[in-house]
Amino acid sequence: QVRLVESGGGLVQPGGSLRLSCAASGSIYSPNTMGWYRQAPGKQRELVATMASGGSTNYADSVKGRFTISRDNAKNTVYLEMNSLRPQDTAVYYCRIEQRWYSSWGQGTQVTVSS
């Protein structure tokens, strides 16, 4: 079992910034990939950004240049710095860990970008 706890969501103005955090605990092995996905109302869940334990990253085209993923392997924590936020970024953001055993989803945190 792996537990993922997200924090940092909330309401922000267009053009603003937000920082999400996700702390993992439980059966965590290396290598693994941690990352963020999001789901807007009426839409499929989509990849936002991922980062492998070795440091490689992957970003959705829609967030490249605006979002930055980082992680602290010692703390089993992944972060998502979101800048230049747009209303279309509004979604529930889910943390994800993928590994050989015990892959898991977090419960999600709401991000709302609105004037």
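It should be emphasised that the depicted structure is a prediction, and the values quoted were computed from it without experimental measurement.

We now examine the pattern of salt bridges. With the rule as written, the count across this model stands at six salt bridges. Two residues, R19 and E81, come together in a salt bridge whose shortest N-O distance is 3.6 Å. Of this pair, R19 sits in strand β3 (residues 18–26) while E81 sits in strand β8 (residues 77–82), and the two are 62 residues apart along the sequence. Taking the relative accessible area as the measure of exposure, R19 reaches 42% and is therefore partly exposed. The exposure class of E81 is partly exposed, given its relative accessible area of 23%. The partner of R38 in a salt bridge is E46, with the nearest N and O atoms 2.8 Å apart. Since its relative accessible area comes to 31%, E46 is described here as partly exposed.

Quick look at a nonpolar patch on the surface now. On the surface, a nonpolar cluster with roughly 370 Å² of combined accessible area is contributed by Y29, W101 and Y102. The residue Y29 is located in the loop between β3 and β4 (33–39) in this model.

For the rest of this paragraph, the subject is the state of the cysteines. As used in these notes, a disulfide is a covalent bond between sulfur atoms, one from each of two cysteines. For the coordinates displayed, the defined rule picks out one disulfide. Each sulfur of the disulfide joining C22 and C95 lies 2.1 Å from the other. Around the S-S axis, the bridge from C22 to C95 shows a dihedral of about -90 degrees and counts as left-handed. Of this pair, C22 sits in strand β3 while C95 sits in strand β9 (residues 91–98); the two residues are 73 residues apart in sequence, bridging distant segments of the chain. The buried category is assigned to C22, whose relative accessible area is 0%.

Attention now goes to the environment of V92. Counting through the fold element by element, V92 comes out in strand β9. Sequence separation between V92 and R38 is 54 residues; the distance between their C-alpha atoms is 5.4 Å.

The next point concerns the pairing of β3. Across a regular strand the side chains alternate sides, sitting on one face of the sheet and then on the other. Sheet topology places strand β1 (residues 2–7) next to β3; six bridges connect them, and they run antiparallel. For V2, the partnering residue across the bridge sits in β3 and is G26.

Tracing the backbone shows R71 in strand β7 (residues 67–72). In this structure, R71 is buried with no salt-bridge partner, the nearest side chain bearing the opposite charge being D72 at 8.1 Å. One polar contact links R71 to N32, side chain to side chain, over a distance of 2.8 Å. There is a polar contact of 2.8 Å between the side chain of R71 and the backbone oxygen of M51. Residues within four places of R71 in sequence aside, it is in contact with N32, T33, M34, M51, A52, S53, T77, V78 and Y79.

Parameters and conventions
- Residues numbered from 1 in each chain as written.
- Predicted model: local features only at pLDDT ≥ 70, side-chain atom pairs only at ≥ 80, totals over all residues.
- Heavy atoms only, no water.
- Salt bridge = Lys/Arg side-chain N within 4 Å of Asp/Glu carboxyl O.
- Helix = DSSP H or I, 4+ residues; strand = E, 2+ residues; numbered from the N terminus.
- Buried < 20%, exposed > 50% of the residue type's maximum accessible area, 1.4 Å probe, protein only.
- Patch = residues over 30% accessible without salt bridge, like charges linked within 9 Å, V, L, I, M, F, W, Y side chains within 5 Å.
- Areas by Shrake-Rupley, 256 points an atom, 1.4 Å probe, with all protein chains shown as cover.
- Disulfide = S-S within 2.5 Å.
- Pairing = 2+ DSSP bridges.
- Lys, Arg positive; Asp, Glu negative; His and termini not counted.
- Polar contact = N/O pair within 3.5 Å; in protein donor to acceptor, adjacent residues only side chain to side chain.
- Contact = heavy atoms within 4.5 Å.

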